[in-house]
Amino acid sequence: MALEFTRVGLAPHYVDYLAGWDLQRQLHRAVLEDNAPNRVLLLEHHPVYTAGRRTESHERPFDGTPVVNVDRGGKLTWHGPGQLVGYPILKLADPAHIRAYVDALEAAVIAVLRDYGLAGTRIEGRSGVWLPGDGQPFGVPDRKIAAVGIRVDHGVTMHGFSLNCSNDLAPYSQIIACGITDAGTTSISAETGRTVTPADVVARVEEELTAREADLTGTTTVKITPGSGAIPAASRPKGALL
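Residues numbered from 1 in each chain as written. Predicted model: local features only at pLDDT ≥ 70, side-chain atom pairs only at ≥ 80, totals over all residues. Heavy atoms only, no water.

1. Quick look at the pattern of salt bridges
Link 1 in the chain: One pass over the full model with this rule turns up eleven salt bridges.
Link 2 in the chain: Glu208 is the salt-bridge partner of Arg212, the closest N and O atoms lying 2.4 Å from each other. Here Arg212 and Glu208 have matching classes, each one buried.
Link 3 in the chain: What you see here is one network of salt bridges that share partners, running through Asp115, Arg204, Glu207, Glu208 and Arg212. (Salt bridge = Lys/Arg side-chain N within 4 Å of Asp/Glu carboxyl O. Buried < 20%, exposed > 50% of the residue type's maximum accessible area, 1.4 Å probe, protein only.)

2. Some thoughts on the packing of aromatic side chains
How two aromatic rings sit relative to each other is set out by the distance from centre to centre and by the angle between their planes.
Link 1 in the chain: A complete count under the given rule lists two aromatic pairs for this structure.
Link 2 in the chain: Looking at Arg25, its charged tip hangs above the ring of Trp21, at a distance of 4.6 Å from the centre. (Phe/Tyr/Trp six-rings, centres within 6.5 Å; stacked < 30°, edge-to-face > 60°. Lys NZ or Arg CZ within 6 Å of the ring centre and 35° of its normal.)

3. Focus on the pairing of strand S2 (residues 39-43)
Link 1 in the chain: Where burial is concerned, most of S2 is hidden: five out of the five residues are buried.
Link 2 in the chain: The alternating pattern of S2 places Arg39, Leu41 and Leu43 and Val40 and Leu42 on opposite faces, both of which are buried.
Link 3 in the chain: Direction of pairing for strand S1 (residues 4-9) relative to S2: parallel, over a ladder of five bridges. Bridge pairing in S2 links Gly9 to Leu43.
Link 4 in the chain: Handedness of the β-α-β unit built from S1, helix H1 (residues 17-32) and S2 comes out right-handed. (Helix = DSSP H or I, 4+ residues; strand = E, 2+ residues; numbered from the N terminus. Pairing = 2+ DSSP bridges. Right-handed = clockwise from strand over helix to strand, strands pointing away.)

4. Observations regarding the sheet that holds strand S5 (residues 76-79)
Link 1 in the chain: Across the sheet, three strands lie side by side as S4-S3-S5; this open sheet has mixed pairing. Two strands close off the open sheet at either side, each with one partner strand: strand S4 (67-69) and S5. Strand-to-strand twist in this sheet, taken as the mean axis angle between neighbours without regard to direction, amounts to 30°.
Link 2 in the chain: In terms of strand pairing, strand S3 (residues 48-51) meets S5 through four bridges, oriented antiparallel. Paired with Ala51 across the two strands is Leu76, which belongs to S5.
Link 3 in the chain: Along the sheet, H1 contacts S3, S4 and S5; its crossing angle with S4, the most-contacted strand, is approximately 15°. (Axes fitted to C-alpha atoms, helices over the stretch in contact; angles between N-to-C directions. Contact = heavy atoms within 4.5 Å.)

5. Let's talk about the nonpolar core
Link 1 in the chain: Of all hydrophobic cores here, the largest spans 34 residues; its most connected members are Ile145, Leu163, Ile188, Val201 and Leu209.
Link 2 in the chain: Of all the secondary structure elements, the ones that give two or more residues to this core are S2, helix H2 (98-114), strand S8 (126-131), strand S9 (143-153), strand S10 (156-164) and helix H4 (198-211).
Link 3 in the chain: With nine residues, H2 is the single largest residue contributor to this core.
Link 4 in the chain: Counting 15 residues, the second largest nonpolar core, distinct from the first, contains Leu27, Leu43, Val156 and Met158. (Core = buried A, V, L, I, M, F, W, Y, C linked by side-chain atoms within 4.5 Å.)

6. Thoughts on H1
Link 1 in the chain: For H1, which comprises 16 residues, the first-to-last C-alpha distance of 22 Å matches the rise-based estimate of 22 Å (1.5 Å per residue) to within 8%.
Link 2 in the chain: Among all positions in H1, only Tyr17, Gly20, Trp21, Gln24, Leu27, His28, Ala30 and Val31 are buried.
Link 3 in the chain: N-capping of H1 is provided by Asp16, with a side-chain oxygen placed 3.1 Å from the backbone N of Leu18. (Expected span 1.5 Å × (residues − 1). Polar contact = N/O pair within 3.5 Å; in protein donor to acceptor, adjacent residues only side chain to side chain.)

7. Observations concerning unusual backbone geometry
Link 1 in the chain: The peptide bond linking Ala11 to Pro12 adopts the cis configuration, its omega dihedral lying at 5°.
Link 2 in the chain: Its identity as a non-glycine residue notwithstanding, Asp34 has a phi of 60°, on the positive side.
Link 3 in the chain: By the element assignment, Asp34 lies in the loop between H1 and S2.
Link 4 in the chain: Judged by its relative accessible area of 60%, Asp34 falls in the exposed class.

This is the structure in structure tokens:
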């Protein structure tokens, strides 16, 4: 059955985080019971901080802003206007496929970034998609442009990925995003110098996820080509962050 997509809400129709989470749970139950096809929810949220299971108290917002505690892996992050969020609700062929599933999500984002001349990559020990720095002590640091954080319950995925498109980066200065203190956060718009919104990229994200449906669900073996930024599964962090 072909992967299906629902654009739940893009600007100016932002989605409340808790409403989106409830929608995920409803669809998760339907997919688990074979009453709905594999589906990806695509949307922009109203501004919100969310904390995964590994979030520590000192990583929370410095100004006391409320945080929604969620059941995904990973730590603390921000969602809001200008950031495309994707929630794939997919039944995996094998629960052991989780790491390859995350690889496929990241590969789809990396392919979309190439459209904008951005060389997204993976960095060992860090989840998500990154733009590498110049390696100089006081030069340009590594910058995170997309985050991945998932939960798999009874073989069906929840949560997913977020791609920074045109969102304000200031909210990240109020937290220790993803528990990372030695790198930065960026967006497609910040890197290209022109406004690129979630609405501009959503169709390409759908195309790249559709092309990787078998890799995402585990009905075929994920093949990572040399130079794609892949790192060995054994070296990947066990928890990924959305």
